[in-house]
Amino acid sequence: MSFLSELFGTEKPIIGLLHLKALPGDPLYYPGGSISSVADAAKRDLDALQSGGVDGILITNEFSMPYQKRVSAVTLAAMGRVIGSLADQISLPWGAEAIYDGDATIELCAAVDATFTRCMFTGAWAGDLGLIDRDFAHTMRLKSALRLDNLKLFHFVTSEGEVYLNDRTTAQIADSIMFNCMPDALVVGGEAPGRGPSSDLVSSVREAASGVPVVCGTGCREETVADVFSRCDGAFVGTCLKRDGIFSEPVDARRVASFMAAARDARERMGEG
């Protein structure tokens with residue numbers, strides 16, 4: 001058994017994504033944005049995710065588009081304020097992520113007492129937003145200095161919009177991450193939101209992962225969750241839990257409940273109650 005059972009109560013967790021609306025400084029925040037409306041929307045999504053029965057929650061600055069390579073202080077401050085307003089209402093294991101910036105993500109987790117996180121912690125990537133160059137040695141020393149000894153790190157091995165700046169296979173990248181970075185879990189997704197990773201890709205990463213959990217990062221839906229569970233150790237799930245499956249809409253508790261019924265059924269058929 002992995003840490004997943006201890007943290008989430010299952011070896012196949014569904015981690016619901018709580019996407020914060022645009023924050024101060026983000027282009028989409030203006031005109032007319034207010035931090036109180038961001039917090040209110042987050043509270044409604046939190047209620048829907050928890051009442052629908054997900055196993056864990058990851059809070060992200062999903063609407064801070066275009067994403068920053070180095071997340072600004074105002075974004076971290078705003079995230080801290082919103083998450084702080086939710087903290088006493090969260091009844092599930094939860095984490096936080098400042099998208100694209102591993103160091104900022106670690107600092108955020110220290111400030112809000114998150115128990116897990118995910119990010120593009122390692123490597124050099126290229127995509128629409130330019131080059132993203134990580135310094136994981138510094139990130140881990142920051143984690144150590146902040147005494148986040150129990151914070152679990154989920155490492156992206158693939159990204160929806162970026163590619164690694166090398167000619168290695170994804171399996172080779174996963175293998176070197178395992179050796180150099182000692183991840184708690186690996187996250188593998190498809191080439192775009194809503195598209196899941198191929199069976200061959202997941203199999204190759206699982207072989208390299210040597211028993212470390214491999215979690216699906218994209219494309220897990222109610223109709224595919226059983227297949228995802230047959231290949232992956234759980235999934236992060238976002239857009240398909242929203243009203244009509246639309247990214248910009250709020251989380252729909254009925255869609256969450258229906259999704260989780262399918263997930264529980266799949267787990268039971270695999271022998272996990």
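Refer to the structure above for everything that follows.
My aim in this report is to walk through the structure given alongside it, one point at a time. Since this is a predicted model, take the numbers as computed values, not measurements.

1. Description of the overall build of the protein
Inference 1: When helices and strands are tallied, the protein shows nine helices and 11 strands.
Inference 2: The C-alpha atoms of the protein give 17 Å as radius of gyration, which agrees with the globular expectation for 273 residues (19 Å, within 12%).
Inference 3: C-alpha atoms of the protein, sized along the principal axes, occupy 50 × 40 × 35 Å.
Inference 4: Of all 273 residues assigned to the protein, the portion counted as buried reaches 54%.

2. A word on the environment of Arg 81
Inference 1: Residue placement: Arg 81 occurs in helix α3 (residues 73–86).
Inference 2: In this structure Arg 81 comes out as exposed when scored by relative accessible area, which is 56%.
Inference 3: Separated by 42 residues in the primary sequence, Arg 81 and Ala 39 have C-alpha atoms spaced 8.5 Å apart.

3. Thoughts on the nonpolar core
Inference 1: Within the largest apolar cluster, 93 residues are counted, with the highest numbers of intra-cluster contacts made by Ile 14, Leu 18, Ile 59, Phe 154, Phe 236 and Phe 259.
Inference 2: For this core, the leading source of residues is helix α2 (residues 35–52), giving seven residues.
Inference 3: Those residues in contact with Ile 59 that sit more than four places away from it in its chain are Leu 18, Leu 20, Met 79, Ile 83, Leu 86, Ile 90, Trp 94, Gly 95, Ala 96 and Glu 97.

4. Comments concerning unusual backbone geometry
Inference 1: Along the chain, Tyr 30 connects to Pro 31 via a cis peptide bond; the corresponding omega equals -5°.
Inference 2: Looking at the element boundaries, Pro 31 is found in the loop between β1 (14–19) and α2.
Inference 3: Pro 66 follows Met 65 through a cis peptide bond whose omega is -10°.
Inference 4: Mapped onto the elements, Pro 66 comes out in the loop between β2 (56–60) and α3.

What counts, and where the lines are drawn
- Residues numbered from 1 in each chain as written.
- Predicted model: local features only at pLDDT ≥ 70, side-chain atom pairs only at ≥ 80, totals over all residues.
- Heavy atoms only, no water.
- Helix = DSSP H or I, 4+ residues; strand = E, 2+ residues; numbered from the N terminus.
- Rg over C-alpha atoms; globule rule 2.2 N^0.38 Å.
- Buried < 20%, exposed > 50% of the residue type's maximum accessible area, 1.4 Å probe, protein only.
- Core = buried A, V, L, I, M, F, W, Y, C linked by side-chain atoms within 4.5 Å.
- Contact = heavy atoms within 4.5 Å.

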